[in-house]
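Single-letter residue listing:
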Amino acid sequence: MDEEQPLLQDALKKISIMELLKKLCSLGGASGDELAVKKFLLNHIKTNQKNWKVQPAIIQGAGFQDCLILIFGRPKAAVFAHMDVVGFTAGYQRSLIKIGGPALVDGTKLTGKDSKGKINCEMMVIDKEDGTRKIEYIFDREIDRGTNLTYKQFWKENDKYVQSCYLDNRLGIWNALKLAETLTNGAICFSCFEEHGGGTAGYLARYLYDEYNVTSALISDITWVTEGIEHGKGVALSMRDGSLPPRRFVDQIIEWAKESKIPFQLEVENAGGSDGTAIQKSDAPVDWMFIGAPESNVHTPYETVHKKDILSMVKMYQYLMKKFHA
Amino acid sequence: MDEEQPLLQDALKKISIMELLKKLCSLGGASGDELAVKKFLLNHIKTNQKNWKVQPAIIQGAGFQDCLILIFGRPKAAVFAHMDVVGFTAGYQRSLIKIGGPALVDGTKLTGKDSKGKINCEMMVIDKEDGTRKIEYIFDREIDRGTNLTYKQFWKENDKYVQSCYLDNRLGIWNALKLAETLTNGAICFSCFEEHGGGTAGYLARYLYDEYNVTSALISDITWVTEGIEHGKGVALSMRDGSLPPRRFVDQIIEWAKESKIPFQLEVENAGGSDGTAIQKSDAPVDWMFIGAPESNVHTPYETVHKKDILSMVKMYQYLMKKFHA
Amino acid sequence: MDEEQPLLQDALKKISIMELLKKLCSLGGASGDELAVKKFLLNHIKTNQKNWKVQPAIIQGAGFQDCLILIFGRPKAAVFAHMDVVGFTAGYQRSLIKIGGPALVDGTKLTGKDSKGKINCEMMVIDKEDGTRKIEYIFDREIDRGTNLTYKQFWKENDKYVQSCYLDNRLGIWNALKLAETLTNGAICFSCFEEHGGGTAGYLARYLYDEYNVTSALISDITWVTEGIEHGKGVALSMRDGSLPPRRFVDQIIEWAKESKIPFQLEVENAGGSDGTAIQKSDAPVDWMFIGAPESNVHTPYETVHKKDILSMVKMYQYLMKKFHA
């Protein structure tokens, strides 16, 4: 039995904790449409923060769109967790238009709401003779133009794995909420639009740099199981994806991670991006690194993460956020 | 006869008004080369503002490149209208290089000016055997390297339609100038570079946020007639194109638009962008929505817009800009 | 013998000067990994600035990542020279992942360093039957994940040409250092990440605008020999590449360049980008133009530049930077 088993007992088998993750994964909230998620988080924070080590300042409202920042003590580093998920917009004549990069699988169940009420429909993928592909919904009535649809949740859980739609990135959110319980110095940003071109991580980073001199960011997000990254081998520290984080910063974080004895894997991919890419391209002079558990079945209703990797992620964030103030 | 017919009489049949639009469409001004357009607007504003309800502050010069901002009263929202148009740069050996995404039609008439004088030439589109395409100009002499060429104007107008090069976006400019006549609170930005990668809407939005706390933007630009958007059915309120505007903001604007009883159409496209995309990707935390009349023959010398849609656009902007201060 | 021959004698044949360029080209420093280059420059500046006409303020550290700014007098314009070069990251199972756009030539010699020591390896390019291409390294051991590899240097020099890896952009750096010797008013920015998506030129430009009102930027970088740009015909003034610089600014610079009598060529390309593109897309309202010597064998270990073009580049920068204060 390895060292984190008792903690696994404590942390991951408590129904209350997995219930929070399950709830988070069920909230919908496609890119641009994060308001309900923000409201859920605000309510969760206000209800639970009395049990946290430090009561954070809550920054939100005009000038932050639907984003939310928590400030604990005197932050030197910030954690970014995006609230939005992939999905679809209902277009003209039963067409579906992608929000972000959802997997296109015939028969996938989608849910939403429009002026006529609740929607439970199904995706149809039509491969045309000319090689193009059209996506439509099958439903007993037409859906209002511009209505957002997201995956219907099928939650599954056993001793090893959690499976649900939207572990990307509700598990990154969940990780940030777990971190919040014991954080004494640091910022947590709940961002929007990450799955569809970004647009908020840059100004959040800039705000934290201007107001608090924050020059370090950890991206609390979910990555992919690939030929180099396996389930159950620990949280992935990404040395690169499509974007390159600053090497000086990467080297420092990896040194700290080694020192922590918490299991982790080094990721080196040639594609993909995150709020880290958005910070990189913004006018904020902020170092960043992506640190997150890997999942299989990416952007499907069946995203799957190993519980060991969840635990390793939480512990790694707790450890690293302290190191910035050591 | 529907309710706006008398106004159509008043507004659109007055030769003086259509003459202004015709003139605006004839100014050239490819992306990066907006100085002459800015000078024309400055002159128009200085000549006409005495008849406006409120005299705006005019912001321009160092720190704004070739952009122009008008501040009316205490703005909460801004209108963005881009001054630039698509066109071509003369390259080496009679080649033409695209500025933005002009339509490539053999025989299209182009105009410009270089060190040797005025240019009236013709575009030749050469489809090569290897599948590539080359664009050249046909002219009786070589054109200076780096000379900009834009469409020659062929203006056409009847009771229903206006047709010209560059209704995109001189009609958006015209709409902003009409709005200026009665605006009491609000900002109007005349931006550059929209057709070729952007680069000014972001800092204009940031300036207005920093100085005036402006967190709302309406994009006064021209969209496309598609399977979902028809001529004559009213201004298009775009729920999305390639980019997603914030849903909370979109819902608010649509609610106001319904309340207005002004005819409009809801657009839901999967591609395209505007100054809204640029604001989205900038470090300005500003909500935005694209609201504009639809055109056919996009990016050709024969862009066509229905006069009813022009009227609906002007009235919608007048209505919405008041609502931000209601 | 043309007028710059004596100066060529003086400037380019001095071993000490070419030795500096040779050294700069040997430093590695792929995008994101510029720290060693910055340290070299800091040391060079501290050692040599006593001989400069003006002692610059040196701006660096927190809030500037690995970038470096020199402020001479009261700057109105800034020179941007990027420190990073193209290269590769070692991935899983001997794969190489591109940093920026290096040429993929089988057998290219690469160097680097990991936890097991110094690396001298070779690139293997594998064209698969399905049309895809894989890049691997050939070395007698596995290389640590995430290790950066850059070209091994093969320096060659004769009366006319210099040949080395990484003249792009160590020659732009060298040009900036030569300019520094006599500069009285102006800023010099040594930027990062230019070859791989950018991420620093924007905030450097914004800092200089906010603090010093700098609204002009010259991009000291290396361009391509093409059908329109030849070796030995002088520094290239780029009227456009994939991005468009502001025409008003371009016209001003070309007027000054003509007045200078220094040989130059006008470039008009349809692709490519630079720190100028990054400034354009940033929230800094800064005019920019790319001005640099052309090279052949772009992004290979054998980049080649004509010495006349180097001299023309240095003289042009000296001339233009004075004109901003004339």
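Residues numbered from 1 in each chain as written. Chains lettered and ligands numbered in written order. Predicted model: local features only at pLDDT ≥ 70, side-chain atom pairs only at ≥ 80, totals over all residues. Heavy atoms only, no water.

**Student:** Is there a simple way to think about the pattern of salt bridges in this case?
**Tutor:** A side chain of one charge can pair with a side chain of the opposite charge when the charged atoms of the two come close. Counted by the stated rule, this structure contains 36 salt bridges over all chains. Across the salt bridge formed by Asp127 of chain C and Arg133 of chain C, the nearest N and O atoms sit 2.8 Å from each other. On the accessibility criterion, Asp127 of chain C (53% relative accessible area) is exposed. For Glu181 of chain C, the salt bridge identified is with Lys178 of chain C, shortest N-O distance 3.2 Å. A residue pair is termed a helical-turn pair when its members lie 3 or 4 positions apart in one helix, as Glu181 of chain C and Lys178 of chain C do in helix α4 (residues 167-182) at three residues. Overlapping salt bridges, with partners in common, bring together Asp66 of chain A together with Arg248 and Asp287 of chain B in one network. (Salt bridge = Lys/Arg side-chain N within 4 Å of Asp/Glu carboxyl O. Buried < 20%, exposed > 50% of the residue type's maximum accessible area, 1.4 Å probe, protein only. Helix = DSSP H or I, 4+ residues; strand = E, 2+ residues; numbered from the N terminus.)

**Student:** Explain the environment of Pro102 of chain B here, please?
**Tutor:** All names here are of chain B. Relative to the helices and strands, Pro102 resides in the loop between β5 (96-99) and β6 (109-114). Between the C-alpha atoms of Pro102 and Phe88, which are 14 residues apart in sequence, the distance is 8.0 Å. The residues contacting Pro102, other than those within four sequence positions of it, are Val86, Gly87, Phe88, Tyr151 and His299. (Contact = heavy atoms within 4.5 Å.)

**Student:** Teacher, can you tell me more about helix α5 (residues 201-212) of chain A here?
**Tutor:** Side chains of residues three or four places apart in an α-helix project in the same direction, reflecting 3.6 residues per turn. The end-to-end C-alpha distance of α5 of chain A is 16 Å, a good match for the 16 Å that twelve residues give at a rise of 1.5 Å each. For α5 of chain A, the elements touching its buried residues are β2 (68-72), β3 (77-82), β12 (186-191) and α7 (275-281) of chain A, α5 (201-212) of chain B together with α5 (201-212) of chain C. Of the residues flanking the end of α5 of chain A, it is Asn213 of chain A, one or two places downstream, whose phi is positive at about 60°. (Expected span 1.5 Å × (residues − 1).)

**Student:** Is there a simple way to think about the interface of chain C and chain B in this case?
**Tutor:** A common way to report how large an interface is uses the accessible area buried once the components associate. On the chain B side, the residues contacting the 29 residues of chain C number 33 residues. Here chain C packs against chain B, burying approximately 2300 Å² in sum over the two surfaces, 50% of which is carbon and sulfur. At the boundary of chain C with chain B, the tally comes to one salt bridge. Linking chain C to chain B there are 16 residue pairs in polar contact (both at pLDDT 80 or more). Of all the secondary structure elements, the ones that give two or more residues to the side of chain C that touches chain B are α5, β15 (235-240), α6 (247-260), β16 (264-268) and α7 (275-281) of chain C. Per element, the largest residue contribution to the side of chain C that touches chain B is three residues, and it comes from β16 of chain C. Counted by class, the side of chain C that touches chain B contains eleven nonpolar, eight polar and ten charged residues. (Buried area = accessible area lost by both parts, 1.4 Å probe. Polar contact = N/O pair within 3.5 Å; in protein donor to acceptor, adjacent residues only side chain to side chain. Nonpolar A, V, L, I, M, F, W, Y, C, P; charged D, E, K, R; others polar.)

**Student:** Looking at this structure, how should I read the packing of aromatic side chains?
**Tutor:** The relative placement of two aromatic rings is captured by the distance of their centres and the angle of their planes. Scanning all chains against the criterion turns up 21 aromatic pairs over all chains. With 5.3 Å between their ring centres and 20° between their planes, Tyr151 of chain A and Tyr166 of chain A make a pair best called stacked. With a gap of 15 residues between them, Tyr151 of chain A in strand β9 (residues 148-151) and Tyr166 of chain A in the loop between β11 (161-164) and α4 (167-180) connect regions that are remote in the sequence. Consider the rings of Trp256 of chain B and Phe324 of chain B, whose centres lie 5.1 Å apart with planes at 90°: the pair is edge-to-face. Remark: Phe324 of chain B occurs in the segment after α8 (307-323) and Trp256 of chain B occurs in helix α6 (residues 247-260); sequence separation between them is 68 residues. The same class applies to Trp256 of chain B and to Phe324 of chain B, which are both buried. The structure contains a cluster of three or more aromatic residues connected by ring pairs, namely Phe64, Tyr207 and Tyr212 of chain A. (Phe/Tyr/Trp six-rings, centres within 6.5 Å; stacked < 30°, edge-to-face > 60°.)

**Student:** I would appreciate a short explanation of the packing of helix α3 (residues 35-48) of chain C against α4 of chain C in the present structure.
**Tutor:** The axes of two packed helices give the description: the angle between them and the distance between them. All names here are of chain C. Contact pair α3 / α4: the axes reach a minimum separation of 12 Å and the direction vectors enclose 20°. Between α3 and α4, the crossing angle belongs to the class labelled roughly parallel. Our pair here, α3 against α4, has a crossing hand that is right-handed. Across the interface between the two elements, Val37, Leu41, His44 and Ile45 of α3 pack against Arg170, Ile173 and Leu177 of α4. Here the residues of the contact of α3 with α4 are counted per class, giving five nonpolar, one polar and one charged. (Axes fitted to C-alpha atoms, helices over the stretch in contact; angles between N-to-C directions. Parallel < 35°, antiparallel > 145°, perpendicular 65-115°, else oblique. Left-handed = near helix turned anticlockwise from the far one by under 90°.)

All we've got here are geometric facts, nothing functional implied.
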